[in-house]
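# A structural walkthrough
Take a look at the letters that make up each chain.
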Amino acid sequence: MVKVTVNQQIYEVSEGTTLEQLARQVEVPGEPMILLAYMDGKLKELFSVIEEDSYVRFVTLREQTGYMAYKRTATMMFLKACEDVLGEGASREIAINYSIGNSMFCEFVRKDREINEEFARKIQSRMKELHKREIPIAKKALDTYEAERYFGAIGLKEKQKLMQFRRESRTNLYELDGYENYFYGYMAPSTAYIPKFFISVYEHGLVLQIPKRNQTEEIVRFVPQPKLFRAMQRSREWSRTMGVDTVGALNETITSGNINHLILLQEGLQEKVLSDIADKIVSEKKRVILIAGPSSSGKTTFSHRLSIQLEIAGLRPYPISLDDYFLDREKSPKDQFGNYNFETIASLDVELLSKHLNQLLSGERISLPTYNFLTGRREYRGKELQIGEKDVLVLEGIHGLNGALTSEIPQKLKYKIYVSALSQINLDEHNRIPSSDGRLLRRIVRDAMTRGNDACATISRWDSVRRGEEDNIFPYQEEADIMFNSAQIYELAVLKQYAEPLLFAVPRDCPEYQEAKRLLKFLEYFLNIKSEDIPNTSLLREFIGGSCFET
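Description of the structure in this document. Note that this is a predicted model, so its numbers are computed, not measured.

The next thing to look at is the pattern of salt bridges. Under the definition given, this model contains 38 salt bridges. For the salt bridge of R305 with E271, the shortest nitrogen-to-oxygen distance reads 2.7 Å. A residue pair is termed long-range when its members are at least 10 positions apart, and R305 in helix α9 (residues 299-312) and E271 in helix α8 (residues 259-283) qualify at 34 residues. A residue is classified by how much of its surface remains accessible, and E271, at 28% relative accessible area, is partly exposed. Residues D447 and R446 are paired through a salt bridge, measuring 3.7 Å at the closest nitrogen-oxygen approach. The network of salt bridges with common partners includes K80, D84, R126, E129, R133 and D177.

Here we take up a negative patch on the surface. Together, E15, D40, E51, E52 and D53 make up a negatively charged patch on the protein surface. For E51, the location among the structural elements is in the loop between β4 (42-45) and β5 (54-60).

Scanning the model with the defined rule gives 2 cavities of 30 Å³ or more in all. Counted as a void, the largest cavity has a volume near 130 Å³. Residue lining of the largest cavity: 14 residues in total, with S423, A487, Q488, E491 and L492 positioned closest to the centre. Those elements that place two or more of their residues in the lining of the largest cavity are α11 (435-451) and α13 (491-504). Residue contributions to the lining of the largest cavity peak at 3 residues, all from α11. Its residues assigned to classes, the lining of the largest cavity shows 7 nonpolar, 5 polar and 2 charged. Its volume calculated, the second largest cavity comes out at about 30 Å³. Considering the residues around the second largest cavity, the lining is formed by N97, Y98, M232, S423, R432 and S435. Its residues assigned to classes, the lining of the second largest cavity shows 2 nonpolar, 3 polar and 1 charged.

Let us look at the sheet that holds strand β8 (residues 137-143). On the basis of which strands lie adjacent, the open sheet formed by 3 strands has the order β8-β9-β10 and antiparallel pairing. Unpaired on one side and paired on the other, β8 and β10 (179-181) mark the two borders of the sheet. The mean angle between the axes of side-by-side strands here comes to 30°, regardless of whether they run parallel or antiparallel. Packing of helix α2 (residues 64-86) onto the sheet brings it into contact with β8, β9 (170-176) and β10, and relative to β10 it is tilted by some 135°. Where helix α4 (residues 144-153) meets the sheet, its contacts fall on β8, β9 and β10, and the angle it forms with β8 comes to roughly 110°.

Turning our attention to the sheet that holds β4. The strand order β2-β1-β5-β3-β4 describes an open sheet built from 5 strands, whose pairing is mixed. Two strands in the sheet have a free side with no partner beyond their single neighbour: β2 (9-13) and β4. If you compare each strand with its neighbour and ignore which way they point, the axes differ by 35° on average. Sheet topology note: the strand β1 (residues 2-6)/β2 ladder contains 5 bridges and is antiparallel. Opposite V6, over in β2, you have Q9 as the bridge partner.

The rules we used
Residues numbered from 1 in each chain as written. Predicted model: local features only at pLDDT ≥ 70, side-chain atom pairs only at ≥ 80, totals over all residues. Heavy atoms only, no water. Salt bridge = Lys/Arg side-chain N within 4 Å of Asp/Glu carboxyl O. Helix = DSSP H or I, 4+ residues; strand = E, 2+ residues; numbered from the N terminus. Buried < 20%, exposed > 50% of the residue type's maximum accessible area, 1.4 Å probe, protein only. Patch = residues over 30% accessible without salt bridge, like charges linked within 9 Å, V, L, I, M, F, W, Y side chains within 5 Å. Areas by Shrake-Rupley, 256 points an atom, 1.4 Å probe, with all protein chains shown as cover. Lys, Arg positive; Asp, Glu negative; His and termini not counted. Charge placed at Lys NZ, Arg CZ, Asp CG, Glu CD. 1 Å grid on protein atoms, 1.4 Å probe; cavity = no way out; pocket = protein on both sides within 12 Å on 5 of 7 lines; lining within 4 Å. Points joined across faces, edges and corners; volume = space filled by probe spheres on them. Nonpolar A, V, L, I, M, F, W, Y, C, P; charged D, E, K, R; others polar. Pairing = 2+ DSSP bridges. Axes fitted to C-alpha atoms, helices over the stretch in contact; angles between N-to-C directions. Contact = heavy atoms within 4.5 Å.

Here it is, written out as structure tokens:
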């Protein structure tokens, strides 16, 4: 017998007992299902066996790690269901392209494939059958060269490319009732662990929905976000046109010596989009430009580059940071933990901002505030502003798209821009790169360079940052007049050289160590790109340094 400590309680189990068997002893009815476990600090799948005295912490859907395992396993069940309904090999024509909230957009490569509600119901029904059968998901290790040959033989070319550049000598494949595939990250032990999902038709593909973290009620029907969808689709189509829509294809571009050309094309595309936005602002005679987006989306550099395009178009832009309109700290609202909550719009002096905007649009001169983050007070340092008829105000801040912020400004004068870093490439056909991972890596690098925060500190705050985005940014993104994707095809290959030393420095006894380890394993898929190749006007320079703009 061996002793296992779970939540300060000791359990005696036979040597060779699986974590799944132990989980059944400790799980509480009504609580979210256990999906993974940390055993002596190492993340393990539930089919792992207990061989010696251990400390175990179980992971449920409430944690991001558990949520991603649920998502991965649901994806495998979806691909298996497609194979069962359409015939063997059908998953080769499916690309898991975008995430929209807790939903994944799945595109069928064959354009003659009829995608309708009847087809969606067949896939939903087959997935339910797979769940009811409680089919185990097996894991096996292959020589990476064998895996490369295998995926080439069955027609999964992007997986083949991914394996070609993989440094690990062994690669894990998962098997579900005869269907085999490679997935980046850990899985649930069987289909029994994935009870909730919903398949629906959207545009030319299917949407696979899973529960949100902490969600216990039934999944509500998918709510389209057409502007976000179009933004992601435009980026993916451009990546495909360039022939670089997966990590394997990016690595091929790097090794072929064509990466500088791709960088110039990407930078040129973003500059063209900025020029088009400026032309739209001029033609529609907008006076107040509102820019918002999640953390590390590149809003500051975007604002500078848009201002240049506005000047070229004959306007004079004046930037205003919404952060300067924070209430004095003692007047700021607090969150459920008693900490000051600077993520809510209630932390801003909306009344003063509205008054100042109306005065400026009327031609009056105002004294601009500056918020002192050290003292937690708003200060006036003699900075005044008065604008003319051909001048525009450029407001940047997380609440820029919230209508309550500028409710007294006529709609015809406002132009709303949503800036986000939406992943343009995937690992392969069936493994997405979450946009949040790219933003987290951007922030880790920038915080270490400009704010003195180590990776441990940045990772520890990330969950709170994400919650703030869910509450204050994402609900308003469809209010934007236009969406700008600040992500660049090649950026993770550049960020890698900056992020890796910071992630390796996270101590093993730090709670954030496992997330640092996950990010390090993820970055192994990318070859390096020299930072010297990145122009000093690039959005990426906001995070790696060397920007010609004040960021």
